[in-house]
Amino acid sequence: MLLSLAGICIIAGAALAAVNQFTLEPIATSKAAALQAAIQKVTPSFDNNPTEEQYKAPTAEGDSLTIYPAKQNGQLVGVAVESYTKKGFGGTIKVIAGFDTKGKLLNYSVLQHAETPGLGSKMEEWFRTDKNRQSIVGRSLAGGNLTVAKDGGDVDAITAATISSRAFLDAINRAYSAYRGNGTEGMTGATPQAGEEQVAPAGETASTEEGGKQ
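Scope of this entry: the structure provided in the associated data block. (Residues numbered from 1 in each chain as written. Predicted model: local features only at pLDDT ≥ 70, side-chain atom pairs only at ≥ 80, totals over all residues. Heavy atoms only, no water.)

Structural notes on the pairing of strand S3 (residues 75-88)
Inspection of the sheet shows strand S2 (residues 64-72) paired to S3 by seven bridges, in the antiparallel sense. Bridged to Lys71 within S3 is Leu76. Counting the residues that bridge the hairpin from S2 to S3 gives two residues, and of these Asn73 lies at a positive phi of roughly 55°. One ladder, built from nine bridges, connects S3 with strand S4 (residues 91-100); its direction is antiparallel. (Pairing = 2+ DSSP bridges. Helix = DSSP H or I, 4+ residues; strand = E, 2+ residues; numbered from the N terminus.)

Topic: the pattern of salt bridges
Considering all chains together, one arrives at 10 salt bridges under this definition. Asp170 is the salt-bridge partner of Lys87, the closest N and O atoms lying 3.9 Å from each other. Pair noted here: Lys87 is in strand S3 and Asp170 is in helix H3 (residues 162-181), with a separation of 83 residues, a long-range link. Within the structure, one salt-bridge network assembled from shared partners comprises Lys41, Glu124, Glu125 and Arg128. (Salt bridge = Lys/Arg side-chain N within 4 Å of Asp/Glu carboxyl O.)

Describing the sheet that holds S2
Spatially, S1-S2-S3-S4-S5 is the arrangement adopted by the five strands of the open sheet, whose pairing is antiparallel. Every other strand in the sheet has two partners, leaving strand S1 (55-58) and strand S5 (105-112) as the edge strands with one partner each. Recorded for the sheet is a direction-independent mean angle of 30° between the axes of neighbouring strands. Here four bridges tie S1 to S2, and the two strands are oriented antiparallel to one another. Bridge pairing links Pro58 to Ser64 in S2. Against the sheet, H3 contacts S1, S2, S3, S4 and S5, and its axis sits at roughly 140° relative to S3. (Axes fitted to C-alpha atoms, helices over the stretch in contact; angles between N-to-C directions. Contact = heavy atoms within 4.5 Å.)

Structural notes on the environment of Ala97
Along the chain, Ala97 turns up in strand S4. Relative accessible area serves as the criterion here: at 0%, Ala97 is assigned to the buried category. Distance in space between the C-alpha atoms of Ala97 and Ile172 is 6.6 Å, their sequence separation being 75 residues. Beyond its immediate stretch of four places on either side in the chain, Ala97 contacts Val42, Val79, Ala80, Val81, Leu105, Asn107, Tyr108, Ile172 and Ala175. (Buried < 20%, exposed > 50% of the residue type's maximum accessible area, 1.4 Å probe, protein only.)

Examining the packing of aromatic side chains
On inspection of all chains with the given rule, the structure shows four aromatic pairs. Residues Phe99 and Tyr176 carry aromatic rings whose centres are separated by 5.7 Å and whose planes lie at 55° to one another, so their mutual orientation is tilted. With Phe99 in strand S4 and Tyr176 in helix H3, the pair connects residues that are 77 residues apart, well separated along the chain. In this structure, Phe99 and Tyr176 share a single accessibility class: buried. Through a chain of ring-to-ring contacts, three or more aromatic side chains come together here, namely Phe99, Tyr176 and Tyr179. Geometry around Tyr108 places Arg128 over its ring, the cationic atom sitting 4.2 Å from the centre. (Phe/Tyr/Trp six-rings, centres within 6.5 Å; stacked < 30°, edge-to-face > 60°. Lys NZ or Arg CZ within 6 Å of the ring centre and 35° of its normal.)

Okay, here's the thing in structure tokens:
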């Protein structure tokens, strides 16, 4: 029985390893295509390959974010910045934000979140909806960070999801911080910067539950 169980384990392990090896390339290809689509969604038309020219840019918190320069005929027309925050009600929120060469937010896409369905999960469309002060698309962050109205800002938070709204705007603000803080290189899409990405500082602790108590 021992030999039989050992044989079964060896065969099962080999089969799993073979399947994993077989699916590595398709998964990588799928992720690359999804990233390219996200970059296209948030930047002007480009004729280069932003992922091949990606580089790291530091943030005020001491970590770094990935920037993808979008170019047309060799000239920088915008950038896509892959950003994140750990201040979400459900944990980490990852976004990709697009800026033009003057720092205006062109568009964004939410890559990952674990916010409450029907509340914080509305961030994908809420902050681009042209209603009251919801939309942040087209705004310039040169004058300061985006902040929800409850904190003295001019952005309407998602109803009953202030924590999620704060966190989402934090991810966008961090994206701009990396873009702006990279100085001349951030405006020209210069060569990548060396250094590994560090872990971002822990976000504020949510002291209330999402759903009207934020």
